[in-house]
Amino acid sequence: MPSVRHQYARNIILEHQTRLAKSKAGLPPLLPPRENNSEPIRIGILGAGISGLYAALLIDYLGPESGITYDILEANPDRTGGRLYTHRFSDSPNDYFDAGAMRYPKIPWMKPTFALFKFLNLDGPKTLIPYHLSDLHGNNIRHFNNTSMSSARLEAADARGDFDPFATKTVGLTDTINNLVGHKIDPFKHMLTEDFQRGWEALMAVDQWSMRDWLALPVDDSQRTYPEPLIKYLEMATSSTGELSFSITTEPVNSQAPINNPGLFHCALSEMILDGMDFDYQPTPEWFTIQGGGDVISNAVIDRLTQSTRPAALKVTTTSESGVVDSEYAHVISTMPFGCLRMVDTSALEFPWELQTALRALHYDSAIKVAVKFKTRWWEKLPQPQVGGASTTDRPTRTVVYPSYGIGSEDATMIASYTWAQDALRIGAYVKGHDSASEQVLLECIKRDLADMHGIKDMSVLDHVDHKIVNWYGDEYSNDASFPTASCEYKI
Ligand SMILES: Cc1cc2nc3c(=O)[nH]c(=O)nc-3n(C[C@H](O)[C@H](O)[C@H](O)COP(=O)(O)OP(=O)(O)OC[C@H]3O[C@@H](n4cnc5c(N)ncnc54)[C@H](O)[C@@H]3O)c2cc1C
């Protein structure tokens, strides 16, 4: 059976083609059949992230007889790979972190990714290694309301019906977090898995609602409503923080009502469900990571390409240190994030208004990873060792990711803080350069959080050697580009 993401993409393409066919312009004319001696078809690929590189790989696969040549035009002078970005503190094998993509679940819609790993010979057990989504012994921590509890203790609390183990007194916290969220969204997940078309129609019938609305308003079959404090708790515990100043309207969000809540629950219900299906796929899939970092993938593709990656009828004008270059292409494949594409002058292309709206309005979530190179792998030496997985807190640090690679080794680099949405925007205010006073303040705050989360009394345990912060929202070459998330504000 085709995967949900696959069918989702097919639906979008079909709708797009139907709309094109009905429009004044109609479908673009087919290219005339090629003569053997005709000029090569030149394709310009904008962006050397994995999408651009994969497009080039596909063209190479067609072979020279296709008559297609390509240039990959990449704006970033320092590196390729885009959001496959591995920062290495040194040459030591585990002294790195993935600032972008870091884990890959073996679920149906990741098949092309795993096929790519195989094609690139990256699927051997030394390269494609297990990614621990959680610590093997249930030691990962939740630290909310100034109290730390391990996953194992939380499960026990759930089992005995103590649904507020952090004593938050949150109104409506009368069941486990999974059950409370699941009650509202699982029916869609089941339908989409069992009968995609039926599930899709059901999802589209409620596509005007955001996740927040869906929880707050009596719009599902059971007409159950969740009070605002409970919604905030669920958002904090399962994703990212939004602003508290939220007033419920009975209007769907895609009316003109302004949205001031940059947490993840303001995203479309449909997006949250599709996203949830990536992480909560049943039966639980194996997860993998690439030993050595995500850019091993993009570098392996580049090694195989037959044509160039260079800063270089569609006329593409590129400006680089060597001057202004005009190139003409029969086709251009843009793989750059919409925030970047918006900075390109595309006015001559006369994009339809809907496309322009999508380019301007599609929400890309913000994300920041703060990696710290410590002196020791202290997290694996605690009385309750953290071996892979992640811990969560309501403090600014929000999520700590313990590396699944190099377990037991000397290299002591970890993602000390991973934030999204408003949590990331706030951390972003402190990202002002490696040696800035602001980053020192941020590091001190993260260390305080780490100490409290893990019960560390002797702060020298957390002595560090170096740090690196990647703020995707502030990156010119991703331009607020973490995960595109459908927002209810606009429908594309
Ligand atoms: C923090 C984070 C965590 C993630 N985690 C995961 C994960 O665990 N698993 C997973 O599967 N996915 C994950 N993702 C998503 C994954 O990284 C992306 O989906 C994927 O890398 C996007 O590739 P792309 O080629 O489409 O875009 P990009 O990688 O963004 O590539 C676009 C390229 O365009 C270039 N560009 C920008 N402007 C111009 C211009 N004007 N001209 C030419 N080139 C330009 C950029 O420099 C870049 O190289 C994560 C992403 C982020 C940010």
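None of the values given here were measured: they were computed from a predicted structure.

(A) Spatial organisation of the nonpolar core. Counting residues in each nonpolar core, the largest one holds 86 residues, and the members touching the most others are Leu234 and Ile297. Considering each element in turn, this core owes the most residues, seven residues, to helix α5 (residues 177–194). Structurally, this core is a two-domain feature, drawing no fewer than three residues from each of domain 1 (4–27 + 39–82 + 294–363) and domain 2 (151–284). In this structure, Leu234 is in contact with Ile177, Leu180, Val181, Leu215, Tyr226, Ser239 and Phe265, ignoring residues within four places of it in sequence. One finds Val372, Ala416, Leu450 and Ala451 within the second-largest nonpolar core, a separate group that totals 23 residues.

(B) Summary view of the site of the ligand. Near the ligand, the surroundings consist of 29 residues, among which Ile50, Ser51, Glu74, Arg83 and Arg103 are the closest. The contact in question runs from a nitrogen atom of the ligand to an N or O atom on the backbone of Ala75, over 3.3 Å. For the ligand, the accessible surface in isolation is 1000 Å², of which the surrounding protein chains cover 83%.

(C) Structural detail: the packing of α5 against helix α9 (residues 269–279). Put simply, α5 and α9 touch, their axes get as near as 10 Å, and they point 65° apart. Relative to α9, α5 is oriented roughly perpendicular. Two packed elements cross with a definite hand, and for α5 against α9 that hand is right-handed. Contacts between α5 and α9 involve Ile185, Phe188, Lys189, Leu192 and Thr193 on the former and, on the latter, Leu269, Ile273, Gly276 and Met277. For the contact of α5 with α9, a count of residues per class yields six nonpolar, two polar and one charged.

Calculation criteria
Residues numbered from 1 in each chain as written. Predicted model: local features only at pLDDT ≥ 70, side-chain atom pairs only at ≥ 80, totals over all residues. Heavy atoms only, no water. Core = buried A, V, L, I, M, F, W, Y, C linked by side-chain atoms within 4.5 Å. Buried < 20%, exposed > 50% of the residue type's maximum accessible area, 1.4 Å probe, protein only. Helix = DSSP H or I, 4+ residues; strand = E, 2+ residues; numbered from the N terminus. Domains from an automatic or database assignment. Contact = heavy atoms within 4.5 Å. Near = heavy atom within 4 Å. Polar contact = N/O pair within 3.5 Å; in protein donor to acceptor, adjacent residues only side chain to side chain. Areas by Shrake-Rupley, 256 points an atom, 1.4 Å probe, with all protein chains shown as cover. Axes fitted to C-alpha atoms, helices over the stretch in contact; angles between N-to-C directions. Parallel < 35°, antiparallel > 145°, perpendicular 65-115°, else oblique. Left-handed = near helix turned anticlockwise from the far one by under 90°. Nonpolar A, V, L, I, M, F, W, Y, C, P; charged D, E, K, R; others polar.

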